[in-house]
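# Descriptive analysis of the structure
Residue strings, one per chain:
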Amino acid sequence: MPSTRDIRRRIKSVKNTRQITKAMELVAASKMKKAQQAALAGRPYAELMARMLAALADRVEESQHEFLVKREVKTRGIILITSDKGLCGPLNSNLFKLVTEIKTPAKYAVIGRKGTQFIARTHRALLADFPANDRTTFADIKVVAEFMVQQYHKGVVDTVEIIWPRFRNTLVQVPTVMSLLPLTDVKAAIAELHAATGTVPVKETPAESQMLFEPDAKVVLESLLPLYLNRQVYHQALEAKASEHSSRMVAMKTAKDNATKLLGDLTLEYNKARQAGITQEILEIAAAQFSAA
Amino acid sequence: MALTLEIVTPEARVYSDTVDTVVIPTLDGEVGILPGHIALLTQIEHGELRVTKNGVTQWLAISGGFAEVEGDRVHVLAENAINEEKIDEHAVEAALKRAEEQLAAARDIDPQQYEHLQSLVRYSGVQLAVKRRRR
């Protein structure tokens, strides 16, 4: 049986741990609220833009644009969005599981230090890594998106895909792959997104053969495409942030609850040990008195 | 027969209602949309967007983006959009001044920042114009 002193020491350390996890939970909770709001507010915009683009891609007959032409896929280009810090439950490891399932050759651009470490550790091709701080700004993400598009342009990669923890609710984040380039399967991607969120897509009108473009299709396409890509990656990064904070909050809450439970057990054990000590002492005193008498 | 108009910005869904007509400022000038319009995809300029419903016209200040007309649905995708009633003239004036000062002060800031400031200046100008036109 451990001595009361040992147990007391353990109780103290568990208490400290609980204090820390509690603080982290509170911090994560307040950040989560903001991040979730940002992610959910941007969702209609992102989806509407994707739909617009799909309509456009459908109707532009001379799909000469390099973003629209499917080419033979030798190397996949993947943007992986992870977190900078750990202690956020299974968030990152779930993403990595998805990455390990990719058997075809692929090159990665990673946001977040955890992802960079993983890609380096598993000897995958890392094109570039970017930090993932708490204030995700559009300008930061634009750099990532533009970098990847450049690689696509140069032929280093033949697709641009994005892996991020899709935010469903505070408890559920689903690691998801979505393809950004080429745009041939935008429609499929959007349908998938709708299925994932459970929202009903707006009823599609039968594709009319004619659509008017002003000034003309090419100009619209050329200004819409880069904006779409940047916005899409930005939106995904926002969602990843919301997921990270949610996941961290839940993980910290579990840790706190576990610490509380452990504390109860330890206190019980401590009291038992203390009681045993007292009983022992009384016994000894009684025995001494008995022998003296 | 009515149009369903939806104006969405990255921050929020600014407007969502059924309307009678909508006039959109595009690169090639203003385009009026009535029910039954041909499918259209166009680029929006900074400017004022007019919405008429039951004879009442509403003005919105809008910054660059895209508009899509498909059947009886009009989707507007813009960086910024604000209803005329919500424009705070003094705040906008202050913002405009700040942005202009920054533009004048730094000639060699990075192009993205420059672009952003310029767009801010134009959007502020548009907001003021929309706010003042009815006086």
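The model shown is predicted, which means the values in this text are computed figures rather than measured ones.

Glancing now at the overall build of chain A. The secondary structure content of chain A amounts to six helices and six strands. Starting at the N terminus, the α and β elements of chain A follow one another as α-β-α-β-α-β-α-β-β-α-β-α. Per-residue burial over chain A gives 44% buried out of 293 residues. Accessible area for chain A stands at about 15600 Å²; split by element, carbon and sulfur atoms hold 58% of it.

Once that is clear, we can look at the domain arrangement of chain B. All names here are of chain B. Per the domain assignment, the segments making up chain B are domain 1 (3–85) and domain 2 (87–132). Taking only C-alpha atoms into account, the centre of domain 1 sits 23 Å from that of domain 2. With 15 residues of domain 1 at the contact, the number on the domain 2 side is eight residues. When domain 1 packs against domain 2, close to 940 Å² is buried across both sides, 62% of that on carbon and sulfur atoms. The interface formed by domain 1 and domain 2 contains one salt bridge. Those elements that place two or more of their residues in the side of domain 1 that touches domain 2 are strand E6 (47–53), strand E7 (56–62) and strand E10 (81–83). Among the elements that line the side of domain 1 that touches domain 2, the one with the most residues is E7, at four residues.

The subject of this paragraph is the interface of chain A and chain B. Every contact between the two is made by 30 residues of chain A and, on the other side, 29 residues of chain B. The largest contributions to the chain A side of the interface with chain B come from Tyr-45, Met-52 and Glu-214 of chain A, which together make up 25% of the buried area. Linking chain A with chain B are one salt bridge, by the criterion used here. Across the salt bridge formed by Arg-231 of chain A and Glu-79 of chain B, the nearest N and O atoms sit 3.0 Å from each other. At the boundary of chain A with chain B, the tally comes to five residue pairs in polar contact (both at pLDDT 80 or more). If you list the elements that add at least two residues to the side of chain A that touches chain B, you get helix H1 (4–59), helix H4 (138–154), strand E6 (212–214) and helix H6 (217–292) of chain A. Here the side of chain A that touches chain B takes eleven residues from H1 of chain A, the largest share from any one element. For the side of chain A that touches chain B, a count of residues per class yields 18 nonpolar, four polar and eight charged. As paired elements, E6 of chain A and strand E5 (residues 40–44) of chain B share three bridges and run parallel to each other. Directly across from Glu-214 of chain A, in E5 of chain B, lies its bridge partner Thr-42 of chain B.

This part covers the packing of helix H2 (residues 91–100) of chain A against helix H3 (residues 113–121) of chain A. Residue and element names in this part refer to chain A. For the pair H2 and H3, interaxial distance at closest approach is 11 Å and the crossing angle is 40°. Considering the relative orientation of H2 and H3, their crossing is right-handed. Taking contact as the criterion, the partners of Asn-92, Phe-96, Val-99 and Thr-100 in H2 are, on H3, Lys-114, Gly-115, Phe-118 and Ile-119. Residue composition of the contact of H2 with H3, by class: four nonpolar, three polar and one charged.

Residues and elements named next belong to chain A. Reading across from one edge, E3-E2-E1-E4-E5 is the order of the five strands in this open sheet, with mixed pairing throughout. With partners counted over all chains shown, the strands left at the sheet margins are strand E3 (125–130) and strand E5 (173–181), one partner each. Strand-to-strand twist across the sheet, computed as the mean angle between neighbouring axes with direction ignored, equals 20°. Where strand E4 (residues 159–167) meets E5, eight bridges bridge the pair, whose relative direction is antiparallel.

Inspection of the secondary structure puts Thr-279 of chain A in helix H6. Only 2.7 Å separates the side chain of Thr-279 of chain A from the backbone oxygen of Gln-275 of chain A, close enough to count as a polar contact.

Turning our attention to the confidence of the model for chain B. All names here are of chain B. Averaged over all residues, the pLDDT of chain B is 85; the fraction at 70 or higher stands at 96%. Of all secondary-structure elements in chain B, the lowest mean pLDDT belongs to helix H2 (residues 111–132), at 81, while strand E3 (residues 21–26) reaches the highest, 92. Reported confidences for the modelled complex are a pTM of 0.80 and an ipTM of 0.77.

Time to look at the pattern of salt bridges. Residues and elements named next belong to chain A. On inspection of all chains with the given rule, the structure shows 18 salt bridges over all chains. With its nearest N and O atoms 3.6 Å apart, the salt bridge here joins Asp-158 to Arg-71. Within this pair, whereas Asp-158 is found in the loop between H4 and E4, its partner Arg-71 is found in the loop between H1 and strand E1 (76–81), the two being separated by 87 residues in sequence. If you follow the salt bridges from partner to partner, you end up with Arg-43, Arg-166 and Glu-239 in one network.

It is worth spelling out the side chain of His-75 of chain B at this point. When you line up the elements, His-75 of chain B lands in strand E9 (residues 73–78). Residue classification places His-75 of chain B among the buried positions, given a relative accessible area of 3%. Leaving out residues up to four positions away in the same chain, His-75 of chain B has contacts with Leu-48, Arg-51 and Met-52 of chain A together with Glu-6, Phe-66, Ala-67 and Glu-68 of chain B.

How each quantity is defined
Residues numbered from 1 in each chain as written. Chains lettered and ligands numbered in written order. Predicted model: local features only at pLDDT ≥ 70, side-chain atom pairs only at ≥ 80, totals over all residues. Heavy atoms only, no water. Helix = DSSP H or I, 4+ residues; strand = E, 2+ residues; numbered from the N terminus. Buried < 20%, exposed > 50% of the residue type's maximum accessible area, 1.4 Å probe, protein only. Areas by Shrake-Rupley, 256 points an atom, 1.4 Å probe, with all protein chains shown as cover. Domains from an automatic or database assignment. Contact = heavy atoms within 4.5 Å. Buried area = accessible area lost by both parts, 1.4 Å probe. Salt bridge = Lys/Arg side-chain N within 4 Å of Asp/Glu carboxyl O. Polar contact = N/O pair within 3.5 Å; in protein donor to acceptor, adjacent residues only side chain to side chain. Nonpolar A, V, L, I, M, F, W, Y, C, P; charged D, E, K, R; others polar. Pairing = 2+ DSSP bridges. Axes fitted to C-alpha atoms, helices over the stretch in contact; angles between N-to-C directions. Left-handed = near helix turned anticlockwise from the far one by under 90°. pLDDT = per-residue confidence, 0-100.

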